[in-house]
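# Fold and geometry: a report
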Amino acid sequence: MKRLIKLMSAVLCLTLVLSASLVGVFALSMNGISLGSKDKATPDEAEIFKDETVYVMAKADGTVDKIIVSDWIKNNKGADTIKDLSTLGDIENVKTDASFTLDSDNMRVWEANGEDLYLEGIGKEPLPVDLTVTYSLDGKVISPEELSGKSGKVTIRFDYTNNAYETVKIGGRDERIYVPFLMMSGMILDSEKFSNVTVTNGKVVSDGDRTILAGIAFPGLQYDLGLSRDKIDIPSYFEVNADVKDFELGTTVTIAANGLTKDIDPDDFDSLNKLKDSMNTLESAMSALIDGSSQLYTGLETLLEKSGALSEGVDALYTGAEQLSDGAAQVNDGAKELSKGADTLSDGTITLDLGALDLSSGLKTLDSNSNALNAGSDMTFASILATAQKSLKEAGIDVPDLTPDNYSKVLDALIDSLSEENVRAQAEATARAKVTAAVETNREAVTAAVTDAVRQNVKAEVESGVRAQVTAKVLESLGYSVEDYNNAVAAGLVDEETQAQVNGAIDSQMASAEVAATIEALTDQNMQTEAVQSAIAQNTEAKIKSLIEENMQSEEVLKGISEALAKAKAGRESIIALKSQLDNYNTFNNGLKTYTDGVGSASSGADQLYSGTTQIKLGSLALSDGASALKDGTEQLSDGADTLKNGILTLKDGVPALIDGVSQLRDGSMQLSDGLKQFNEEGVSKITSLLKNDVGDLAERLKATVKAAQNYKSYSGLTDQMDGEVKFIYKTEEVNSDK
């Protein structure tokens with residue numbers, strides 16, 4: 001019955017209430033957290049369990065681009081091999097080295113070796129729920145591409161078409177029962193572009209900069225339950241309306257899950273028809289309960305009004321009883337008890353008086369030393385703090401003057417500054433500064449070396465150009481152009497002797513002083529160009545940086561950093577130990593002040609005690625003188641009066657609690673009456689009306705709906721040895737001007 005109530009609550013209330021926590025569902029699903037029942041034990045208990053997540057990559061209007069399926073096959077019993085019946089294409093093992101072979105039934109047999117399998121593939125089968133996203137601008141349907149960058153009144157509607165159903169017998173008829181998928185869609189809007197945002201079948205949450213929307217729908221559930229929309233309207237779409245400037249939309253995410261009824265026993269619905277017979281009784285009981293709560297409030301209000309008179313009467317009664325008890329006690333003490341023990345009491349009170357005097361004197365002496373004791377402790381603490389500061393200074397650590405109020409904060413900051421991360425950063429920065437300074441002293445030599453290397457390259461390019469000019473002039477003197485000569489050589493029209501003469505003439509001119517001077521002049525000229533000078537500067541800086549990094553990795557630098565870390569670690573541990581010692585003395589010093597304060601209070605109390613014992617001593621002497629005259633006939637009166645007083649005192653002490661209880665009971669009865677009326681109007685009357693008028697074949701439909709949900713366990717397929725669960729995550733592409 002509990003599961004029946006749970007489902008009815010889900011069906012009747014989930015369509016009416018959306019909390020901010022729904023937004024978190026999308027984040028959890030994106031991180032791979034299961035959307036099934038939290039207390040379902042199947043994934044851990046089944047021999048083989050396929051936990052499947054289907055990622056649907058869609059265009060902005062919901063058109064499917066690609067389906068990627070991720071399967072986590074849990075090998076709970078540690079089987080060596082696992083058979084997998086899957087309709088996926090391009091299946092890949094993404095985590096382990098397990099491979100597979102195909103058996104005679106064309107199923108994959110994975111060599112699991114007792115481990116779980118993590119598979120990924122491409123979905124080819126139709127989706128159980130199709131997603132369609134429609135966009136409108138100022139009341140007219142528009143494509144997302146055309147809408148990008150435009151402004152106006154925008155409507156975005158998510159429609160969900162349920163394709164997954166079973167055909168079952170309902171009331172003797174063949175009926176389609178759709179798998180009850182819970183569809184949750186979410187998006188994040190830029191608050192600078194979207195304003196006046198409203199949703200249908202959803203929730204709006206804003207943090208100022210962004211507006212987060214979450215929608216919910218149950219496509220096909222209204223049909224499954226056979227319920228009229230004028231009584232209960234179960235959402236089947238999600239719609240967003242907003243004023244938009246320069247429209248753009250990020251990725252939207254839609255979660256489809258059928259785990260809402262996973263932990264419900266379908267057989268619980270066999271007793272639903274019996275529930276109808278109890279509705280009249282429930283209505284009558286609610287009416288009587290509401291009437292009774294109203295009468296209870298009226299009676300408690302009257303009782304509370306009379307409680308004041310009761311309290312006054314009890315107070316007066318106690319005053320009289322107290323006077324009677326005091327008189328009877330005095331008579332009884334003087335007549336019986338004090339008559340026999342008056343002398344002993346007198347002696348005892350004298351001893352008590354002397355003891356109180358000694359106690360008072362001793363506490364006064366002790367209290368007189370408290371200020372000196374506190375001052376000495378404060379001086380000791382100040383001395384300890386000064387010694388600690390001196391030790392830190394000798395160790396090269398400069399800190400503010402340490403006081404009882406600031407030492408903890410100062411040392412905590414010092415301990416934090418000596419962390420390995422901070423010390424390493426400081427040591428590396430110091431070492432880099434030194435290495436950089438050392439390398440910079442050799443900048444001129446580095447620049448000269450780089451300049452020489454660049455000059456060699458420039459000179460080689462100049463020589464190549466001059467040779468080409470010399471070659472052209474030599475060939476021109478022989479009646480050839482360079483192209484004609486090369487063609488003639490290639491055709492074999494120039495003999496080797498002639499070629500040798502040509503090459504010799506070229507080499508001879510290249511070796512001449514005039515050509516050499518030309519090459520040097522051109523090289524000098526090119527070296528002064530902006531491009532060459534820039535290259536020299538860049539190469540010099542690169543070489544400087546390279547030398548710095550090489551020196552930073554030297555044994556000497558690394559050793560220095562390591563030594564700094566070791567020294568800092570030892571210093572940090574010493575400071576931690578020092579702070580612990582200071583904390584201990586601070587605790588002692590504070591405790592000492594508390595103790596001396598207590599001594600002062602005790603001294604004052606001892607004075608009052610001594611004054612009281614003196615009065616007791618005098619009273620006991622007088623009591624001894626008159627005890628014999630009051631002895632006869634008073635014992636019974638004393639005992640009775642004392643008993644009467646104690647009884648009335650108990651009654652008196654209980655009156656405030658009685659009044660307070662009556663007041664709380666009255667207020668609670670009013671809340672009870674109002675709550676019962678609201679519960680009857682908003683809950684019981686609606687449920688009884690629904691069950692009395694529409695129960696019909698609701699039980700069969702609920703049972704069939706739950707079974708349909710529990711039967712749909714996988715998109716890619718399960719073997720007979722497997723159990724599983726599946727969720728779908730639809731992601732639409734962004735809409736912006738860059739697309």
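Before reading further, recall that the structure is shown in the block above.
These remarks concern the structure in this document. Just so it is clear, the model here is predicted, and its values are computed rather than measured. (Residues numbered from 1 in each chain as written. Predicted model: local features only at pLDDT ≥ 70, side-chain atom pairs only at ≥ 80, totals over all residues. Heavy atoms only, no water.)

### Considerations on the sheet that holds strand 9 (residues 140–142)
Across the sheet, which stays open at both edges, the five strands sit in the order 9-8-10-17-14 with antiparallel pairing between neighbours. Unpaired on one side and paired on the other, strand 9 and strand 14 (194–200) mark the two borders of the sheet. Averaged over neighbouring strand pairs, the angle between their axes works out to 25° when direction is ignored. (Pairing = 2+ DSSP bridges. Helix = DSSP H or I, 4+ residues; strand = E, 2+ residues; numbered from the N terminus. Axes fitted to C-alpha atoms, helices over the stretch in contact; angles between N-to-C directions.)

### With respect to the pattern of salt bridges
Enumeration over the complete set of coordinates arrives at 25 salt bridges. Residues Asp 103 and Lys 83 are paired through a salt bridge, measuring 3.5 Å at the closest nitrogen-oxygen approach. Of the two residues, Asp 103 is situated in the loop between strand 5 (100–102) and strand 6 (108–111) and Lys 83 in strand 3 (residues 81–84); the sequence distance between them amounts to 20 residues. In this structure Lys 83 comes out as partly exposed when scored by relative accessible area, which is 41%. A salt bridge links Lys 713 to Asp 723, with the nearest nitrogen and oxygen atoms 3.0 Å apart. With a gap of ten residues between them, Lys 713 in the loop between helix 18 (698–711) and strand 19 (722–732) and Asp 723 in strand 19 connect regions that are remote in the sequence. We classify Asp 723 as buried; its relative accessible area is 18%. Residues joined in a network through salt bridges with shared partners are Arg 455, Lys 459, Glu 520 and Asp 524. (Salt bridge = Lys/Arg side-chain N within 4 Å of Asp/Glu carboxyl O. Buried < 20%, exposed > 50% of the residue type's maximum accessible area, 1.4 Å probe, protein only.)

### Describing a negative patch on the surface
On the surface, Asp 190, Glu 192, Asp 209, Asp 246, Glu 248, Glu 734 and Asp 738 cluster together into a patch of negative charge. For Glu 734, a relative accessible area of 40% gives the class partly exposed. (Patch = residues over 30% accessible without salt bridge, like charges linked within 9 Å, V, L, I, M, F, W, Y side chains within 5 Å. Areas by Shrake-Rupley, 256 points an atom, 1.4 Å probe, with all protein chains shown as cover. Lys, Arg positive; Asp, Glu negative; His and termini not counted. Charge placed at Lys NZ, Arg CZ, Asp CG, Glu CD.)

### A few points about the sheet that holds strand 19
Judged by pairing direction, the sheet is mixed, and its nine strands sit side by side in the order 4-7-2-1-19-18-13-16-15 without closing on themselves. Each edge of the sheet is formed by a strand with only one pairing partner; in this case those strands are strand 4 (89–93) and strand 15 (202–206). Strand-to-strand twist in this sheet, taken as the mean axis angle between neighbours without regard to direction, amounts to 15°. As defined by bridge partners, strand 1 (residues 48–58) adjoins strand 2 (residues 64–75) across eleven bridges and the pair is classed as antiparallel.

### Remarks on the nonpolar core
Judged by nonpolar contacts, the single largest core of 56 residues is most densely connected at Tyr 135, Phe 247, Tyr 715 and Phe 728. In terms of residues, this core owes the most to one element, strand 8 (residues 129–137), which gives five residues. Excluding residues that lie within four positions of it along the chain, Phe 247 makes contacts with Tyr 135, Leu 147, Ser 148, Gly 149, Lys 150, Val 154, Ile 156, Phe 194 and Val 735. Within the second largest apolar cluster, 48 residues are counted, among which are Leu 402, Val 502, Val 515 and Ile 575. (Core = buried A, V, L, I, M, F, W, Y, C linked by side-chain atoms within 4.5 Å. Contact = heavy atoms within 4.5 Å.)

### What about the side chain of Lys 74?
Among the structural elements, Lys 74 can be located in strand 2. Look at Lys 74: it is buried, it has no salt bridge, and the nearest opposite charge is Asp 51 at 4.1 Å. When near neighbours in sequence (up to four residues on either side) are disregarded, Lys 74 contacts Pro 43, Glu 47, Ile 48, Phe 49, Asp 51 and Asp 116.

### Examining the packing of aromatic side chains
Aromatic rings in a pair are described by how distant their centres are and how their planes are angled relative to each other. Taken as a whole, this structure holds 15 aromatic pairs when the rule is applied. Aromatic pair Trp 72 and Tyr 118: ring centres 5.9 Å apart, planes at 20°, arrangement stacked. Separated by 46 residues along the polypeptide, Trp 72 in strand 2 and Tyr 118 in strand 7 (residues 117–122) bring together distant segments of the chain. Assessed through its relative accessible area of 33%, Trp 72 is described here as partly exposed. The class of Tyr 118 is partly exposed, set by a relative accessible area of 22%. Aromatic side chains Tyr 712 and Phe 728 sit 6.5 Å apart centroid to centroid with 40° between the ring planes, which places their arrangement in the tilted category. Linking Tyr 712 in the loop between helix 18 and strand 19 with Phe 728 in strand 19, this pair joins segments that are 16 residues apart in sequence. Summarising the burial analysis for this pair, Tyr 712 and Phe 728 share the class buried. (Phe/Tyr/Trp six-rings, centres within 6.5 Å; stacked < 30°, edge-to-face > 60°.)

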